[in-house]
Amino acid sequence: MSKEKIYIFKRKLQALGNSICFYLCRVFPIDRKLVSVCTFEGRGGFGCNPKYIVEALHKLDSTYKYVWFVNDKNKEFPEYIKKVSNTLWNRAYWLTRSKVWIDNYRKPYGTVKRKGQLYINTWHATQGFKSIGLWRGKAFSTMAYLVSKNDSDMVDYFVTDSKWCDEVNPKGMVYDGAFLKVGAPRCDILYGDRSEYKRMFRTKHNIPEDAKVIMYAPTFREGSRNGKRLVFSEIWSIDFKRLLDDLKRRFGGEWYVCIRVHPQLAGIVKEYKNEEIQKYIIDESQADDMYEILAAMDAYITDYSSAAMDASLTHMPVFLYADDIEQYTKDRGSLLWNLSEDTSKPVTNNKRMTPNLDLELPFSISKNNDELEKNILNFDGKKYLDMMKKYEDGVELVFNGNASEKVARKIVS
């Protein structure tokens, strides 16, 4: 028997043991006012799509009760939310008793839902670059499939925002159930006037009110080696001094860089030393909610993060800096877009995943600092907005600032 088969057998045995805990907890009745929430398998806190749904639900009916599973009990939550350690028995007890589950990731293998419960999965991206699920081909392991299938079979609704999701998600999420196409709840905060979030961010970091800020948020990279999950390094090759100079030359004003990497890699930001621009570097890697920060930004830069699409909802300039396109595509198995080392080519959607869409990416792509400088200095605002409008129409985007309320009302109903 191969190592992989032995590993899968052990995981199945462990899942069986976990499921027994859930069945034992069925001696407790379902509480129709109890909602269980989790983000990023307990690694996250009060953030992403679940945060905004819970806030909307609490506003609609303050009698709902909430438990939120966390790996770190130091995470901060509103007083109406009970945080509990993300352990097997806590999950078995609270999930089995809850009428509603809300999650933006996958439930652990062996989790069992009982009849009469509602499970809404928001996922942590809508449109994006990275292939997910079965679209990854051989890069999607048998174990990953089993975990995804176990979770998707329990889901009642996946929250989506576009025709793009209609095409990608059945194989990407290993899911053939119902969708709530209401928009991404975490993006409600990006709709309309963002001046208050801009003011709060500048006050918090003691920078001028008229200062401009670009967020740099490379994609979260995770994989496994020898059966153990690892967060891969996000060390960047981007020249921040040059970036700030170029932004100032093109858009005017004084610019700052807000860096957002995975919390486990926040030490990389602390190691960055450049006395000439140190005061213009802001680290927000530890914040639970990226979207309150994103709402305060004037521009956004990433490599392959789906947040590029979210940032573009505000029509702020979005730049892609991807210095490892070939290797990253190989690691993922494929991408949802036809990216190549020739960054001058228009980037179109991968028709294998989205056969009924004809799209061109509205963002410029750079694979080195020279190309990034050129793309910033040559940024054409009118052309960018025209391309964004065509893109949004092409994916049949749903974005009107009330996704959270719509999901909350669905839960109440």
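Scroll up for the structure.
Note that the structure is predicted; figures quoted are calculated from it, not measured. (Residues numbered from 1 in each chain as written. Predicted model: local features only at pLDDT ≥ 70, side-chain atom pairs only at ≥ 80, totals over all residues. Heavy atoms only, no water.)

**Overview of the nonpolar core**
Phe-129, Phe-240, Met-297, Tyr-300, Trp-337 and Phe-363 are the most contacted members of the largest nonpolar core, which has 76 residues in total. Looking at this core element by element, the count peaks at 5 residues for strand 11 (residues 255-259). The next biggest cluster of nonpolar side chains, apart from the first, holds 25 residues, and it includes Val-37, Val-54, Ala-403 and Ala-408. (Core = buried A, V, L, I, M, F, W, Y, C linked by side-chain atoms within 4.5 Å. Buried < 20%, exposed > 50% of the residue type's maximum accessible area, 1.4 Å probe, protein only. Helix = DSSP H or I, 4+ residues; strand = E, 2+ residues; numbered from the N terminus.)

**Some details on helix 14 (residues 403-412)**
An α-helical turn contains 3.6 residues, so any two residues separated by three or four positions project in the same direction. For helix 14, the set of buried residues is Ala-403, Ser-404, Val-407, Ala-408 and Ile-411. Across the axial projection of helix 14, the buried residues extend over an arc of 135°, all falling on one side. (Arc of directions from axis to C-beta.)

**A few points about the sheet that holds strand 4 (residues 98-103)**
The parallel open sheet is built from 7 strands, whose spatial order is 3-2-1-4-5-6-7. A single partner strand is all that each edge strand has here, and the edge strands are strand 3 (81-85) and strand 7 (178-181). The sheet shows a mean angle of 25° between the axes of neighbouring strands, taken without regard to direction. Sheet topology places strand 5 (residues 118-121) next to strand 6 (residues 157-160); 2 bridges connect them, and they run parallel. Bridged to Asn-121 within strand 6 is Phe-158. Relative to strand 2 (residues 65-70), helix 2 (residues 48-60) is tilted by about 165°, and along the sheet it contacts strand 1 (31-38), strand 2, strand 3 and strand 4. (Pairing = 2+ DSSP bridges. Axes fitted to C-alpha atoms, helices over the stretch in contact; angles between N-to-C directions. Contact = heavy atoms within 4.5 Å.)

**Things to note about the pairing of strand 7**
Alignment of strand 6 against strand 7, held across 4 bridges, turns out to be parallel. Paired with Val-159 across the strands is Leu-180, a residue of strand 7. Assessed by its sense of winding, the connection that carries the chain from strand 6 through helix 5 (residues 163-172) to strand 7 is right-handed. (Right-handed = clockwise from strand over helix to strand, strands pointing away.)

**A closer look at the sheet that holds strand 15 (residues 364-366)**
Taken in spatial order, the 6 strands make up an open sheet running 12-11-8-13-14-15, and their pairing is parallel. With one partner strand each, in any of the chains shown, strand 12 (281-283) and strand 15 form the two edges of the open sheet. Recorded for the sheet is a direction-independent mean angle of 25° between the axes of neighbouring strands. Note that strand 11 and strand 12 share 3 bridges and pair parallel. Considered in strand 12, the bridge of Cys-258 is made with Ile-282. Together, strand 8 (212-216), strand 11, strand 12 and strand 14 (318-321) form the strand contacts of helix 7 (residues 240-251), whose direction differs from that of strand 11 by roughly 135°.

**Side note on the pattern of salt bridges**
Tallied over the full model, the rule gives 27 salt bridges. One salt bridge connects Lys-113 with Asp-156, and the closest N-O pair in it is separated by 2.7 Å. You can see Lys-113 sitting in the loop between strand 4 and strand 5 and its partner Asp-156 sitting in the loop between helix 4 (142-152) and strand 6, a full 43 residues away along the chain. Asp-156 sits in the partly exposed class, given a relative accessible area of 27%. Salt-bridge contacts for Lys-198 lead to Asp-298; the nearest nitrogen and oxygen are separated by 3.0 Å. With Lys-198 in helix 6 (residues 195-204) and Asp-298 in the loop between helix 9 (290-294) and strand 13 (299-302), this pair connects stretches of sequence that are 100 residues apart. (Salt bridge = Lys/Arg side-chain N within 4 Å of Asp/Glu carboxyl O.)

**Notes on the pairing of strand 1**
Within a regular strand, side chains alternate between the sheet's two faces. Of all 8 residues that make up strand 1, 6 are buried, and the element is covered over most of its length. Strand direction decides the pairing type here: strand 1 and strand 4, joined by 5 bridges, are parallel. Bridge assignment links Ser-36 to a residue of strand 4, and that residue is Trp-101. Sheet topology places strand 1 next to strand 2; 5 bridges connect them, and they run parallel. Bridged to Val-37 within strand 2 is Trp-68. Following the backbone out of strand 1, through helix 2 and into the adjacent parallel strand 2, one traces a crossover that is right-handed.

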